[in-house]
Amino acid sequence: MDQHHPQLTLAKSSRHSYNEWIFRDVPSDITIEVNGIAFALHKFPLVSRSGQIRKAVSENRDAVISRIALQNLPGGTETFELAAKFCYGINFEITPSNVAQLICVSDYLEMTEDFSNNNLGSRADEYLNHVVCQNLEMSVLVLQQCENLLPKADELKIVTRCIDAIASKACVEQIASSFSRLEYSSSGRLHMSRQKCELDWWIKDLSVLRIDVYQRVMTAMKCRGVRPESIGESLMNYAQKELTKKPNGGMNDHERLVVETIVGLLPVEKLAVPLSFLFGLLRSAVMLDCTVASRLDLERRIGSLLDIATLDDLLIPSFRHAGDTLFDVDTVHRILVNFAQQDESDDDDDDDDQDGSGFGSDGLDSPSETALFKVSKLVDNYLAEIAPDANLKLARFIAVAESLPAHARTVHDGLYRSIDVYLKAHQGLSEAEKKKLCKLIDFQKLSPEAGAHAAQNDRLPLQSIVQVLYIEQLRLRNALYCSDLGGGDHQKPPPVHHQSWRINSGALSAAMSPKDNYASLRRENRELKLELTRLRMRLNDLEKEHVCMKRNMEKSNSRKFMSSFSKKISKFNLFGHSSSRGSRSTSPSRNSQRTDSKVTVRTE
């Protein structure tokens, strides 16, 4: 109690639910109304501390009892009660729970040093600077109180001071924890311990903040250099808290704002947050119809990490009209395009790093190619999963399959399986549509098991089946040639194109230098082209002979003609061998193989 007014005592009125102050010894001469609640007070203690009330009283000097209404007073009646107690000299405690309100109300009532020394404004401001801002937990609590005092708390720099304090304290603590992890190795060198850092304790404290204030804290932390992993952990914790609340009226708008804000706060580092969290955000963004910018940002981030994704990650439900596909195929397609564009940019960088010999520094087993192989398997499994959907249009299926470059798939078994599932589920496709779909398959990259299945698959168009049979014949020819070489006593080295086939089907020799490997690959490519040209010439000859035979069959159906037909067809044996191994050296096909071998040697 103020020593200048010892006779004044404060009491609560039993007639009202609010705190109405009644002074037993001195009748009140001023009434202050705050939010519809009247406080019966005295002019002298109020005007000695508050410039706002002093001005109001001076304007009503003639009135015996002045009545003043304070509109939009920060903090409401409870804060005004504390300010009035301060004017009367009644002690109360300044805490993190009321310091922001006291600073705002003292500014509103003009309780500054201009009217009284050690006034409420300076007392509360000193507490904020020297107590609250030295403690991270207190700063978070004051920020939480400021949410209902905006924009006044912003104008008085309360929010800014607390945010700077939080960011500084978090950064200092992380630096201190990093120093604590330093240790000396057996060789005497100082290095960082590999022990995993404990979760920053302040992450859960920040989750109580409103999304707009939380955004400002995270931005300040990123500017101060707080670890990206800590930023990511905080974002995950905040999203889990805000996006798992029970839905109520207007909740979608709040969740949409949370998702869009968190996406904007994601660190640029790839592994700052898990890929599963990015997919979770993307599903929420699709469901809540977030902005296009937020969704594209997530798709770009996911595309850069797609090689570690799983099939379940890609199965994003579609939330559109009833006639759409079960899963969001368009979103996955854009993610694949982002991944492919990243791969192309990596390839461009590799081209820039190549030396004059034209050999890339990354070689055949570069990380980008490893990622491509993983993603190609993932895409084939995804296509097989969505293929049975009756609403999946052919164009969208093909777009997803073609989103990866041609060299991404070393084996086309998975792609063939997904296309077969699509053909089985969409039996109404026309022959032209089937041909368009099967053009995606490189039948030369099918395994023997898949090729055998395709050769008997009546769902494939006839042209594809013929192509499969032709390729199987070529494989059989190579197999027979290798078996012939293994059975003879005097073996000759196989033609160069057979050596090239074996090198391509396995890993390159470890004894060869990368430059030699590259030169060998180029040479084998030329040899394969020559072999393909020769096969085409033989096929043309066979077709011409077939036309002649067809004409002869129309003229005569005798057995004598059939005998001559067998002799003629043996000249164009696609396997390159006669029926008798004993006459191998004199057969036309054997002679042609020797010629082929000589041509191949000359092209080295």
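Look above for the structure.
What comes next concerns the included structure. Model, not experiment: these values are computed from the prediction. (Residues numbered from 1 in each chain as written. Predicted model: local features only at pLDDT ≥ 70, side-chain atom pairs only at ≥ 80, totals over all residues. Heavy atoms only, no water.)

Let us look at helix 11 (residues 228-242). In this model, helix 11 (15 residues) spans 21 Å end to end at C-alpha, consistent with the 21 Å of a helix rising 1.5 Å per residue. Of the residues making up helix 11, those classed as buried are Ser-230, Ile-231, Gly-232, Ser-234, Leu-235, Tyr-238, Ala-239 and Glu-242. (Helix = DSSP H or I, 4+ residues; strand = E, 2+ residues; numbered from the N terminus. Expected span 1.5 Å × (residues − 1). Buried < 20%, exposed > 50% of the residue type's maximum accessible area, 1.4 Å probe, protein only.)

What follows covers unusual backbone geometry. Backbone torsion omega between Leu-150 and Pro-151 reads 5°, so that peptide bond is classified as cis. Secondary-structure assignment places Pro-151 in the loop between helix 6 (136-146) and helix 7 (152-155). The phi dihedral of Asn-35 falls on the positive side, at around 50°, and the residue is not glycine. Here Asn-35 lies in the loop between strand 1 (30-34) and strand 2 (37-41). Residue Asn-35 is classed as exposed on the basis of its relative accessible area, which comes to 52%. Of note in the backbone geometry, Asp-289 takes a positive phi value of approximately 55° without being a glycine. On the secondary structure map, Asp-289 appears in the loop between helix 13 (275-288) and helix 14 (292-304).

At their nearest, the axes of helix 4 (residues 99-108) and helix 5 (residues 120-130) sit 9 Å apart, and the two run at 145° to each other. Of the two elements, helix 4 crosses helix 5, and the hand of that crossing is left-handed. Along the contact surface, helix 4 presents Val-99, Leu-102, Ile-103, Val-105 and Ser-106, while helix 5 presents Leu-120, Gly-121, Ala-124, Asp-125, Tyr-127 and Leu-128. Grouping the constituent residues of the contact of helix 4 with helix 5 by class yields eight nonpolar, two polar and one charged. (Axes fitted to C-alpha atoms, helices over the stretch in contact; angles between N-to-C directions. Left-handed = near helix turned anticlockwise from the far one by under 90°. Contact = heavy atoms within 4.5 Å. Nonpolar A, V, L, I, M, F, W, Y, C, P; charged D, E, K, R; others polar.)

With respect to the helices and strands, the residue Ser-318 is situated in the loop between helix 15 (311-314) and helix 16 (329-353). Each C-alpha atom, one on Ser-318 and one on Asp-330, is 9.6 Å from the other, the two residues being 12 residues apart in sequence. Aside from chain neighbours lying at most four places away, what touches Ser-318 is Asp-324, Thr-325, Leu-326, Phe-327 and Asp-328.

What the rule picks out here adds up to 17 salt bridges. A salt bridge links Lys-152 to Asp-107, with the nearest nitrogen and oxygen atoms 2.7 Å apart. Of the two residues, Lys-152 sits in helix 7 while Asp-107 sits in helix 4, which places them 45 residues apart along the sequence. Judged by its relative accessible area of 25%, Lys-152 falls in the partly exposed class. Where Lys-152 meets Glu-155, a salt bridge forms, and the shortest distance between an N and an O atom there is 4.0 Å. Separated by three residues within a single helix, Lys-152 and Glu-155 lie in helix 7, roughly one turn from each other. Residues joined by salt bridges that share partners form a network here, namely Asp-107, Lys-152 and Glu-155. (Salt bridge = Lys/Arg side-chain N within 4 Å of Asp/Glu carboxyl O.)

Next up on the list: the pairing of strand 2. The buried count for strand 2 comes to five of five residues, which makes it a mostly enclosed element. Neither face of strand 2 is open: one carries Ile-37, Phe-39 and Leu-41, the other Ala-38 and Ala-40, and all of them are buried.

As a further point, take the environment of Ala-69. As for its position among the elements, Ala-69 is in strand 3 (residues 66-70). Looking at Ala-69, the relative accessible area reads 46%, which means it is partly exposed. Sequence spacing of Ala-69 and Ala-38 is 31 residues, and the spatial spacing of their C-alpha atoms is 8.7 Å.

Packed helix pairs are characterised by how far apart their axes lie and by the angle those axes make with each other. Interaxial distance between helix 13 and helix 14 falls to 10 Å at its minimum, and their mutual angle equals 155°. By the angle between their axes, helix 13 is roughly antiparallel relative to helix 14. As for the relative orientation of helix 13 and helix 14, their crossing is left-handed in sense. Contact with helix 13, carried on its side by Leu-275, Leu-278, Phe-279, Leu-281, Leu-282, Ala-285 and Val-286, involves Arg-295, Leu-298, Glu-299, Arg-301 and Ile-302 of helix 14 and no other residues of that element. Within the contact of helix 13 with helix 14, the residues separate by chemical class into nine nonpolar, no polar and three charged. (Parallel < 35°, antiparallel > 145°, perpendicular 65-115°, else oblique.)

Another point: the pairing of strand 1. Among the five residues in strand 1, four count as buried, and that is most of the element. Judged from the five bridges that link them, strand 1 and strand 2 form a sheet pairing that is antiparallel. Among the inter-strand pairings, Ile-30 is bridged to a residue of strand 2, identified as Leu-41. A loop of two residues connects strand 1 with strand 2, the two strands running antiparallel in sequence, and Asn-35 in this loop sits at a positive phi of about 50°. Examined bridge by bridge, strand 1 and strand 3 share five bridges and lie parallel to one another. (Pairing = 2+ DSSP bridges.)

Time to look at the sheet that holds strand 2. In any sheet, the strands associate via hydrogen bonds between backbone groups, in a parallel or an antiparallel arrangement. Strand order in the open sheet formed by three strands is 2-1-3, and the pairing between neighbours is mixed. Edge strands, defined here as strands with exactly one partner in the open sheet, are strand 2 and strand 3. When the angles between neighbouring strand axes are averaged without regard to direction, this sheet yields 20°. Of the strands in this sheet, strand 1, strand 2 and strand 3 are in contact with helix 3 (residues 76-88), which crosses strand 2 at around 5°.

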